Protein chains: 2
Amino acid sequence: MSKVEQLVRDGATAAQKLATVSSDAKNCALETMATALEASADAIMAANAEDVARGKDNGLNPTLIDRLTLNPKRMKGMVDGLRQLIGLPDPVGTVLDGWRRPNGLEIARIRVPLGLIGIIYESRPNVTVDAAGLCLKSGNAVILRGGSEAIRSNIILSQTLSRAAAQSGIPPAAIQLIETTDRAAAIELMRSDRYVSALIPRGGPSLLHSILENATVPVIIDGAGNCHTYVDSAADLAMAADIAYNAKVSRPSVCNAMETLLVHAEIAPRFLPLIAARYRDAGVELRGCDRTRQIIPGAVPASEEDWDTEYLDLKLAIRVVEDMDQAIAHIRKHGTGHSEAIVTDDYQAAERFTQEVDAACVYVNASTRFTDGFEFGFGAEIGISNQKLHARGPMGLNELTTYKYVIRGNGQVRQ
Amino acid sequence: MSKVEQLVRDGATAAQKLATVSSDAKNCALETMATALEASADAIMAANAEDVARGKDNGLNPTLIDRLTLNPKRMKGMVDGLRQLIGLPDPVGTVLDGWRRPNGLEIARIRVPLGLIGIIYESRPNVTVDAAGLCLKSGNAVILRGGSEAIRSNIILSQTLSRAAAQSGIPPAAIQLIETTDRAAAIELMRSDRYVSALIPRGGPSLLHSILENATVPVIIDGAGNCHTYVDSAADLAMAADIAYNAKVSRPSVCNAMETLLVHAEIAPRFLPLIAARYRDAGVELRGCDRTRQIIPGAVPASEEDWDTEYLDLKLAIRVVEDMDQAIAHIRKHGTGHSEAIVTDDYQAAERFTQEVDAACVYVNASTRFTDGFEFGFGAEIGISNQKLHARGPMGLNELTTYKYVIRGNGQVRQ
């Protein structure tokens, strides 16, 4: 039996036990885990420093080095994250629905854990802690598979968490890390459909491609966000400028940042100069269609490729559209179904946009940047789903569960 | 562009339109479709007769010939199925949840169609009609891919339905059939993740294997049912006999039929002779563990393989277990997570079984045969999911939908 097979078997057995552990026991384990991280802070920081040094030796770029690096503030963030989970309601056991059939059968649909969840992720060691905490709180066992650049950090973090959880009576195999970083191990995890209930990849296009090609385990894709803001002819232009500025500038590197601004032709001559000045001050590079460039002469010509690009940077594509038909058609063609916004004071326009735009999150008069588990009030987030099956949009504890039907009878047989 | 690519592109465009079609218009189309089937009954039966004749020439076994054959009663069943959908509530537009955030954002989670759904199925032409109706009612476009043995029936059925729907203003591409029956076309459909939101395969192990190996589209597996009934020491034995008899005998060929009977050692000497006599009269072949065979001398010895076999036939494996621990361990090892039942009058035993057994449907004192969309009161059924993501257990109209978040603001930007 391979090492990965041993891990997923043990994980699946741990998941069976974890499914019936009480909320109190899980909360107690989360507190023990938080305390253990604090107690082991020096050792964790030392292991992380080794990863960082090795990364620098290997020429890892500064962004990745930054993501990899733990500091006291980030350590505190991980510990606080675990403690925040304690205060959140346990999703397990919620009765989602229930009814009585004419033959007297009582059917209840009850929220239960998924079982064993696989998480494949890159560079950020805080995912190790976040994912372990979220899975534990929702009654799931987890198999973690982080990137090779963070392997020392991930080993000490997962071992610390697993030992602490075990001290509170949680099976140690409820939190496991695949300690080998070769590709074959990741692929074996993706194909362990007999033991793993769901796989949540958190990474770039090459990881997603590998998942699509190899996975037999059902997957929840945390995908790309090519997000748009459409400024309608009936928009309050000051509000539109605030929203368009926030959606691009507040944190350009994240998936809910706007990548293309669509502006109704009627108000483009008034709106574009207004917002262009603010973008210029923030250092945003603008790429525009021909009509945009007639109004903002400094904008670079946008190519067809720009409409499909998730810049994740201080760059923005701008297109002037004839009407809402063209705006919606543009979003359908180029959007990734993540977050789309309209700014308008027209009731019909708002209604039509929310109905016809097919995305996880459709906004009226607000910034796309709110697509986030914490901003939605979930109190936690494991990712943002870009697919339609199972979960769509920000995923919190509920999205780490499934349900089962419990049917109580008194001797019913089927005719 | 390949034929399949053209179909999925057209289907995806039709899905966008269908998503905003009113319930009245969809119901009108369902009535037109039902009427069109009635009007074309002779032509449909003639095409089906050709399929049946070809099937017999090709040596198709009698069970498959039976599944393939349409007769006036089955025609009426398909037509009635479409009309029944008219009376069911439209799932689209239901507000599943809604709340206001401290910053004033109003978040609503709203049920919407999945988009374009692919259905890959075998022999039964009624699936063509059922799936087209269910997808239309839930606002989804559908791409159907039936088996080669039913191709003439499926072509005329899907064309009749598509034309009828178009007469009621539904885009004709809302219902499409892949008319080529080569394997490459099916694989291309499985890999059309850009256009197809979900794939629902309905078929045997070789189809499921091909899906796991090839699909990049998210899949809802309608899988195997190795279902158990556990007769506890505290069971009402007459009730247990009725349930165990019904679960095996009422329709042995379906996934919710019982395949293994687990009997507590304490009551086995009283219960097994009782039920064995009834099984004998019904012609059920019994395969038992050693202790079973001491009580039922006529039983064939059961091998380890029997515990894993879904007979789908008048055969039953029987095992005497020491206690509930052993019963639950057996189900964990051999069950497929479909439907599991306990018969008991002991409160603690019932509670423990429903909590610790991990299956889509867990029964107390009722037959596993009730795992069915109609028996659950859904009014329709597209299949029974054996996976944990998205949908679990019987799937009706709700399970053919996803949700989107609509967020209404008045200028909110993220800090």
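Predicted model, so just to flag it, every value in this text is computed and none were measured.

1. A few points about the overall build of chain A
- Looking only at helices and strands, chain A features 15 helices and 16 strands.
- Compactness check: chain A gives a C-alpha radius of gyration of 24 Å against a globular reference of 22 Å for 415 residues, within 12% of the reference.
- By principal-axis analysis of the C-alpha atoms, chain A measures approximately 70 × 65 × 40 Å.
- Within chain A, contacts between residues separated by at least 24 positions form 71% of all contacts whose residues are at least 6 apart in sequence.

2. Some words on the interface of chain A and chain B
- Taken together, the contacts link 58 residues of chain A with 58 residues of chain B.
- Counting residues per element, the side of chain A that touches chain B draws most heavily on strand β16 (residues 401-412) of chain A, at 11 residues.
- Classifying every residue of the side of chain A that touches chain B gives 25 nonpolar, 20 polar and 13 charged.
- Of the strand pairs in this sheet, strand β13 (residues 361-366) of chain A and strand β16 (residues 401-412) of chain B are connected by 5 bridges, and their pairing is parallel. When the sheet's bridge partners are listed, Ala366(A) is paired in β16(B) with Gln412(B).

3. Comments concerning the sheet that holds strand β4 (residues 141-145) of chain B
All names here are of chain B.
- Taken together, 4 strands build an open sheet; the order of strands is β5-β4-β3-β6 and the sheet is parallel. Since the sheet does not close on itself, it has two edges, and those belong to β5 (175-177) and β6 (198-202), each with one partner. On average, adjacent strands in this sheet sit at an angle of 20° to one another, irrespective of strand direction.
- Both strand β3 (residues 116-121) and β6 contribute to a ladder of 5 bridges, which runs parallel. What sits directly across from tyrosine 121, in β6, is arginine 202.
- Packed on one face of the sheet, helix α1 (residues 3-18) meets β3, β4 and β5 and runs near 150° to β4.

4. Some thoughts on the domain arrangement of chain A
- Looking at chain A, the domain boundaries give domain 1 (3-221 + 391-408) and domain 2 (227-370).
- Averaged C-alpha coordinates put domain 1 of chain A and domain 2 of chain A at centres separated by 36 Å.

5. Let's talk about helix α3 (residues 41-57) of chain B
Residue and element names in this part refer to chain B.
- Helix length check: α3, at 17 residues, gives a terminal C-alpha distance of 24 Å against a target of 24 Å (1.5 Å per residue), a fit within 8%.
- Residues of α3 that are buried in the fold lie against α4 (62-68) and α7 (151-167).
- Positive phi appears at glycine 59, one or two residues downstream of α3, with a value of about 75°.

6. Things to note about the sheet that holds β16(A)
- The sheet built from 10 strands is open, its strands ordered β1(A)-β2(A)-β16(A)-β13(B)-β12(B)-β7(B)-β8(B)-β11(B)-β9(B)-β10(B) with mixed pairing. Lying at the two open borders of the sheet, with one neighbouring strand each, are β1 (95-100) of chain A together with β10 (300-301) of chain B.
- Examined bridge by bridge, strand β7 (residues 227-231) of chain B and strand β12 (residues 339-343) of chain B share 4 bridges and lie parallel to one another. Within β12(B), the position partnered with Val231(B) by the bridge is Val343(B).
- Each of β7, β8 (258-264), β11 (315-321) and β12 of chain B touches helix α14 (residues 324-334) of chain B; the most contacted strand, β11(B), lies at about 140° to it.

7. Re the pairing of strand β9 (residues 285-288) of chain B
Residue and element names in this part refer to chain B.
- Bridge count between β9 and β11: 4 bridges; the pairing is parallel. Note on β11: the bridge partner recorded for leucine 286 is leucine 316.
- With 2 bridges connecting them, β9 and β10 associate as parallel partners. Bridged to arginine 287 within β10 is valine 300.
- Note that the unit made of β9, helix α12 (residues 290-295) and β10 has a crossover that is right-handed.

8. Let's talk about the packing of helix α10 (residues 237-249) of chain B against helix α11 (residues 268-282) of chain B
Residue and element names in this part refer to chain B.
- Running from N to C, α10 and α11 cross one another at 35°; their axes reach a closest spacing of 10 Å. The way α10 lies across α11 gives a crossing that is right-handed. Between α10 and α11, the residues in contact are Leu237, Ala240, Ala241, Ala244, Tyr245 and Val249 and Arg270, Phe271, Leu274, Ile275, Arg278 and Ala282, respectively.

9. Some details on the confidence of the model for chain A
- Across chain A, the average pLDDT comes to 96, with 100% of residues at 70 or higher.
- For this predicted complex, the interface confidence comes out at an ipTM of 0.95, alongside a pTM of 0.95.

10. Looking at the relation of the copies chain A and chain B
- Laying chain A over chain B is done by rotating through 180° and shifting 0.0 Å along the axis; what remains is an RMSD of 0.0 Å. Each copy turns onto its partner about a two-fold axis. Among all residues of chain A, the minimum C-alpha distance to the rotation axis is found for His390(A), at 1.8 Å.
- Here 100% of the interface residues in chain A have copies in chain B that are interface residues too; the copies meet face to matching face.

11. Points about the packing of helix α6 (residues 126-137) of chain A against helix α7 (residues 151-167) of chain A
Residues and elements named next belong to chain A.
- Contact geometry of α6 with α7 gives a least axis separation of 10 Å together with a crossing angle of 25°. Taken as axis vectors, α6 and α7 run roughly parallel relative to one another. The chirality of how α6 crosses α7 is right-handed. Between α6 and α7, the residues in contact are Thr128, Val129, Ala132 and Leu136 and Asn154, Leu157, Ser158, Leu161 and Ala165, respectively.
- In terms of residue class, the contact of α6 with α7 is built from 6 nonpolar, 3 polar and no charged.

The rules we used
- Residues numbered from 1 in each chain as written.
- Chains lettered and ligands numbered in written order.
- Predicted model: local features only at pLDDT ≥ 70, side-chain atom pairs only at ≥ 80, totals over all residues.
- Helix = DSSP H or I, 4+ residues; strand = E, 2+ residues; numbered from the N terminus.
- Rg over C-alpha atoms; globule rule 2.2 N^0.38 Å.
- Contact = placed C-beta atoms within 7 Å.
- Nonpolar A, V, L, I, M, F, W, Y, C, P; charged D, E, K, R; others polar.
- Pairing = 2+ DSSP bridges.
- Axes fitted to C-alpha atoms, helices over the stretch in contact; angles between N-to-C directions.
- Domains from an automatic or database assignment.
- Expected span 1.5 Å × (residues − 1).
- Right-handed = clockwise from strand over helix to strand, strands pointing away.
- Left-handed = near helix turned anticlockwise from the far one by under 90°.
- pLDDT = per-residue confidence, 0-100.
- Least-squares fit on C-alpha atoms with pLDDT ≥ 70 in both.
- Parallel < 35°, antiparallel > 145°, perpendicular 65-115°, else oblique.

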